[in-house]
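# Coordinate inspection notes
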Amino acid sequence: MNTQNILITLLLLSGGLFFACEDKDYPAGLPEYEHHYYIVYVPNNNSGITVNRSQTELIKFPVQFYSEFTRNYDAVAHYSVVTPDVPNPAVVGVDFQIVDQEGNVLQPGDNGKYSLVFPQAVKTKDTVYVKLLNNPEPGTRMVEINFEDNITPEYRVDIFSTAFRRTLTIE
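Residues numbered from 1 in each chain as written. Predicted model: local features only at pLDDT ≥ 70, side-chain atom pairs only at ≥ 80, totals over all residues. Heavy atoms only, no water.

With that out of the way, let us pick up the overall build of the protein. Counting its secondary structure elements, the protein contains one helix and eleven strands. When the helices and strands of the protein are read in sequence order from the N terminus, they spell out α-β-β-β-β-β-β-β-β-β-β-β. Taken over 171 residues, the protein has a buried fraction of 33%. Across the protein, contacts joining residues at least 24 apart in sequence account for 81% of those joining residues at least 6 apart. Accessible area for the protein stands at about 10700 Å²; split by element, carbon and sulfur atoms hold 54% of it. (Helix = DSSP H or I, 4+ residues; strand = E, 2+ residues; numbered from the N terminus. Buried < 20%, exposed > 50% of the residue type's maximum accessible area, 1.4 Å probe, protein only. Contact = heavy atoms within 4.5 Å. Areas by Shrake-Rupley, 256 points an atom, 1.4 Å probe, with all protein chains shown as cover.)

Encoded structure:
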């Protein structure tokens, strides 16, 4: 057999495999996942950013809330400020504040976590905002802003291990 015949035979075999797929009717979803949502940072990774301490613009961490439904309740995602094991961690109220889009300081709830509320659990994008406080103390500071699971009797807001953390380095 020459090369051309071999290529034609391989092409026909691969085409046959492609068209021989079984046609199944899969259900739209499983009931146990109808009230299960996901929150992730965009882009979908655990990357960090480095900023200058004198930056006056708000730092924006875009997020994506994944849902395929509209519900009669609001889904709430939780995130927290986590101090990494570094010599000079950044401190809330000294180096930065968690704020809304207008720059108003947000306070964590009784559980020590901040919240993002998604009305009617509708798929959408939102943003976590950070305001730098221009701390004059020398040295690099670091902090992580991490999403955490929120499990309630009505729903679950889960995270992706690949996109739940943003490390902020302040120079």
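Back to the write-up after that little detour.
This next bit is on the side chain of N146. Within the secondary structure, N146 is located in strand β8 (residues 141–148). A polar contact of 3.4 Å, which involves the side chain of N146, links it to the side chain of E144. In this structure, N146 is in contact with Y41, H78, Y79, S80, V82, F164, R165 and R166, ignoring residues within four places of it in sequence. (Polar contact = N/O pair within 3.5 Å; in protein donor to acceptor, adjacent residues only side chain to side chain.)

This part takes up the nonpolar core. Within the largest apolar cluster, 31 residues are counted, with the highest numbers of intra-cluster contacts made by V128 and F147. For V128, the residues in contact, after removing those within four places along its chain, are Y41, I59, K60, F61, V63, Y79, L116, I145 and F147. (Core = buried A, V, L, I, M, F, W, Y, C linked by side-chain atoms within 4.5 Å.)

Bringing unusual backbone geometry into the picture now. In the segment running from V42 into P43, the intervening peptide bond is cis, with an omega of 0°. Here the phi dihedral of Q120 falls at roughly 60°; this positive angle occurs in a residue that is not glycine. The topology assignment puts Q120 in the loop between β6 (114–118) and β7 (124–132). A positive phi angle is found at A121, which is not glycine, with a value near 55°. Secondary-structure assignment places A121 in the loop between β6 and β7. A relative accessible area of 0% means that A121 is categorised as buried.

What follows concerns the packing of aromatic side chains. By the definition in use, this model includes ten aromatic pairs. Judged by centre distance (5.2 Å) and plane angle (10°), the rings of Y73 and Y155 are stacked. With Y73 in the loop between β3 (59–66) and β4 (75–82) and Y155 in the loop between β9 (150–151) and β10 (156–159), this residue pair connects regions lying 82 residues apart in the sequence. Given a relative accessible area of 8%, Y73 falls into the buried group. Residue classification places Y155 among the buried residues on the basis of a relative accessible area of 8%. These aromatic residues form a ring-pair network of at least three members: Y37, F65, Y73, F118 and Y155. (Phe/Tyr/Trp six-rings, centres within 6.5 Å; stacked < 30°, edge-to-face > 60°.)

Further remarks concern the side chain of Q97. By the element assignment, Q97 lies in strand β5 (residues 96–99). A relative accessible area of 17% means that Q97 is categorised as buried. Beyond its immediate stretch of four places on either side in the chain, Q97 contacts V92, V105, Y129, V130, K131 and L133.

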